[in-house]
Amino acid sequence: MLGEGVSPDYFEPTIFHMIRKLLRRVFKGDSTPATPNSKSDRPAVIPVAKHGITRERISQGARRTCDVLQQAGHKAYVVGGAVRDLIAGIVPKDYDIATDATPNEVHMLFRRSRIIGRRFQIVHVMQGGETLEVSTFRAAHDVDTVKDEHGRVLRDNVFGTQADDAARRDFTVNALYYDPSTETVIDYHHGVADLQQKILRMIGEPTARYREDPVRMLRAVRLSAKLGLTLDPLVSAPIQAMAVLIENVPPARLFDEMLKLLFSGHAVECVKRLRDEGLHHGLLPLLDVILEQPMGEKFVMLSLHSTDARVKAGKTLSPGYLFATLLWHEVLANWEIRKARGESSMPAMFEAMDEVLDLQAEKLAITRRVAGDIKDIWMLQPRFEKRVGKSPFRLLEQPRFRAGYDFLLLRAQSGEIDAELGDWWHTFQFADNDAREAMLVADTDPKKRRRRVRGKKPNGGPSEAATDSPTPRADGEI
Ligand code: ATP
Ligand code: MG
């Protein structure tokens, strides 16, 4: 839930808010719902026979946390993405708990817990190896809500009822509450039916909800791709016109959201859908130019396919590597321009790297560490061209060799460079020392060198000299 438009750093005296809200309701009869269809105070209670989530299917930590809260007399449910995913047959990646207990009450009940956030507090409860995020029911916003000039909600920190809590969530499929003690799903907005009909519907009026938080447009794309849902026409219709509002989202949040999207295991589908919705252009700097260059697109798509495969295989992911691939063709394009201006090759390449990185880092708040990783991978690329002397041995010792090599293979696969270079490095790294030395000798054989310069390689492929690849040459010159 930390991904929402509201930073947990905001803390207002919440009891004060609740009392004020109550008084307002009592004296002014103000029971206006925050969003047009948030009035569902009588939710459907769906039995296990209809949704199939038995108690055993949720994590032990989530079960125990709900049990402890309920035994202390509170309401407690698994909420949001986990319930949605379980009904859709996907294993949830984490569990969020919603309760009517205040953060302090939650904290008192769990020895291994800590309150985080200042303005809007949530509690992290540790159970075995799991961390559960426990939040108190919260209302969308009221007259005190602070917004920017475009209507984006900056602070949203009012406790509320369970119905309020359901109404402030984004999509109907995300407003489901699972009670482990009764094995029922509490559904305020027909989310279960929408999930079964494979449709992503907004709670409330989509344009208003996008204005409050433009990131919901990206969430719509990501969730629909992940769950194979169709966007309700009301959800997709305003996106193109409202896409520009994403520019007002703080860069750090955009970066987080982009990472979620790219590491969702459905990055290829997400990017396709971003395009369908007109969201890739002019607003996500990363995807903008890249997807319009045919070579760039092939490279990016190969990278996204391999990222999806890694997610599905449960392998580790490196944001640095992914962003290095996404931005590589920007670097190449920038480098070409510099060379055309007469700048010398290697310095021009380093300048190009810096410029591309600075521009993106500013818009997307790429963290310093990730930026460092990206640059490391890029800087290794020219070194793969040097296949003589001690150079290849030194490259093997580099801590980032593996990432650099994978990146090289991607370049070869996309047709940017000769496949032979990737093959050579494959053989070289797995060979014993004698074989490695022999490879160097073979590579520096004067006859072969002459042949390569004339444009005929032993494997018949285009030579480095013949290809118009902007890749640095073996001698370090570009
Ligand atoms: P996943 O965890 O698979 O990425 P999720 O829906 O669980 O998807 P989270 O960011 O973990 O996403 O959010 C948890 C829940 O908080 C959501 O299911 C939704 O109910 C609510 N939520 C998250 N972001 C928003 C938002 N921008 N606006 C309204 N509600 C939101
Ligand atoms: Mg989640």
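Our subject is the structure that appears above.
Let me sum up the structure you'll find in this document. Here the residue numbers are simple positions, counted from 1 along each chain's written sequence. For this description, chains carry letters from A and ligands carry numbers from 1, given in the order in which they are written. Only residues with pLDDT of 70 or above have their local features reported here, since the model is predicted, and side-chain atom pairs are shown and tallied only from 80 upward, although totals for entire chains, interfaces and linings are computed over all residues. Excluding hydrogens and water, the side-chain figures rest on all heavy atoms present in the structure.

Turning to the sheet that holds strand 3 (residues 96-99), a few remarks are in order. Two strands pair if DSSP finds at least two bridges between them. Labels follow the DSSP assignment, with helices taken as runs of H or I lasting at least four residues and strands as runs of E lasting at least two, numbered in each case from the N terminus. Pairing in this open sheet of eight strands is mixed, and the strands run 1-12-11-2-3-6-5-4 from one edge to the other. If you trace the sheet from one side to the other, it starts and ends with strand 1 (44-46) and strand 4 (113-116), each paired once. Along the sheet, successive strands turn relative to each other by an average axial angle of 30 degrees, direction set aside. Relative to strand 12 (residues 184-187), strand 1 runs antiparallel, the two sharing three bridges. Residue Val45 lies in a different strand from strand 12, and its bridge partner there is Ile186. Whether two residues are in contact is decided by their heavy atoms, any of which lying within 4.5 Å being enough. Where helices are involved, their axes are fitted lines through C-alpha atoms of the stretch in contact, as for all axes, and angles between N-to-C directions lie from 0 to 180°. In this fold helix 3 (residues 60-71) packs onto strand 2 (76-79), strand 3, strand 5 (122-127), strand 6 (130-136) and strand 11 (176-179), with an angle of close to 40 degrees to the strand it touches most, strand 6.

In terms of nonpolar packing, the biggest core is built from 89 residues, with Val78, Leu304 and Trp378 touching the most fellow members. By residue number, the principal contributor to this core is helix 16 (residues 319-340), which donates ten residues. Residues lining this core come from more than one domain, with at least three contributed by each of domain 1 (1-204) and domain 2 (319-439). Beyond its immediate sequence surroundings of up to four residues, Leu304 is in contact with Leu262, Ala267, Val268, Val271, Leu322 and Leu326. Ranked by size, the runner-up nonpolar core spans 16 residues in total, among them Leu396, Leu408, Ile417 and Leu440. The nonpolar core is taken to be a set of buried Ala, Val, Leu, Ile, Met, Phe, Trp, Tyr and Cys residues, with the residues joined through side-chain atoms within 4.5 Å. Each residue gets one of three labels from its accessible area relative to the maximum for its type: buried under 20%, exposed over 50%, partly exposed in between, using a 1.4 Å probe on protein chains only. Domain delimitation in this document rests on an assignment produced automatically or drawn from a domain database.

On to the pattern of salt bridges. We count a salt bridge whenever a side-chain nitrogen from Lys or Arg sits within 4 Å of a carboxyl oxygen from Asp or Glu. Scanning the entire structure with this criterion turns up 23 salt bridges. Here Asp194 makes a salt bridge to Arg201, at a shortest N to O gap of 3.1 Å. Since its relative accessible area comes to 29%, Arg201 is described here as partly exposed. For Asp213, the salt bridge goes to Arg253, with nearest N and O atoms at 2.9 Å. With Asp213 in the loop between helix 8 (206-212) and helix 9 (215-227) and Arg253 in helix 12 (residues 251-262), the pair connects residues that are 40 residues apart, well separated along the chain. One network of salt bridges, with partners in common, ties together Arg338, Arg341, Glu343 and Glu355.

This paragraph deals with helix 12. Compared with the 16 Å implied by 1.5 Å per residue over twelve residues, the 16 Å span of helix 12 between its first and last C-alpha is a close match. Within helix 12, the full set of buried residues consists of Arg253, Leu254, Phe255, Glu257, Met258, Leu259, Leu261 and Leu262. For a helix, the expected span equals 1.5 Å multiplied by the number of residues minus one.

To continue, consider the pairing of strand 11. Every second residue of strand 11 is oriented toward a common face, with Leu176 and Tyr178 on one face and Tyr177 and Asp179 on the other, all of them buried. Bridge count for strand 2 against strand 11 is two bridges, and the pairing is antiparallel. Note on strand 11: the bridge partner recorded for Val79 is Tyr177. Relative to strand 12, strand 11 runs antiparallel, the two sharing four bridges. Bridging from a neighbouring strand, Leu176 pairs with Asp187 of strand 12. Between strand 11 and strand 12, which follow one another and run antiparallel, lie four residues, and Glu183 among them has a positive phi close to 60 degrees.

Further remarks concern unusual backbone geometry. Not every positive phi belongs to a glycine, and His190 is a case in point at roughly 60 degrees. Located in the positive-phi region is Lys198, a residue other than glycine, with phi close to 60 degrees. Within the secondary structure, Lys198 is located in the loop between helix 7 (191-196) and strand 13 (199-200).

With that settled, consider the site of ligand 1. The environment of ligand 1 is formed by 18 residues, the closest being Arg84, Lys93, Asp213, Arg222 and Lys226. Think of a polar contact as two N or O atoms within 3.5 Å of one another; within protein, one of them needs to be a possible hydrogen donor and the other a possible acceptor, and neighboring residues in sequence only count if both atoms come from side chains. Contact distances for ligand 1 include 3.2 Å between a nitrogen atom and a backbone N or O atom of Asp170. In this structure, Asn174 approaches ligand 1 through a main-chain N or O atom, which is 3.1 Å from an oxygen atom. Each accessible area is a Shrake-Rupley result for a 1.4 Å probe, and residues are judged covered by the shown protein chains and nothing else. Computed on the free molecule, ligand 1 has an accessible area of 580 Å², of which 96% lies beneath the protein chains in the complex. Of all the secondary structure elements, the ones that give two or more residues to the shell around ligand 1 are helix 4 (81-87), helix 9 and helix 12. The element contributing the most residues to the shell around ligand 1 is helix 9, with four residues. A class-by-class count of the residues in the shell around ligand 1 yields one nonpolar, three polar and 14 charged. Proximity criterion: a residue is near a molecule or strand once any of its heavy atoms comes within 4 Å of it. As a working rule, the residues Ala, Val, Leu, Ile, Met, Phe, Trp, Tyr, Cys and Pro are called nonpolar, Asp, Glu, Lys and Arg charged, and the rest polar, with Gly in that last group.

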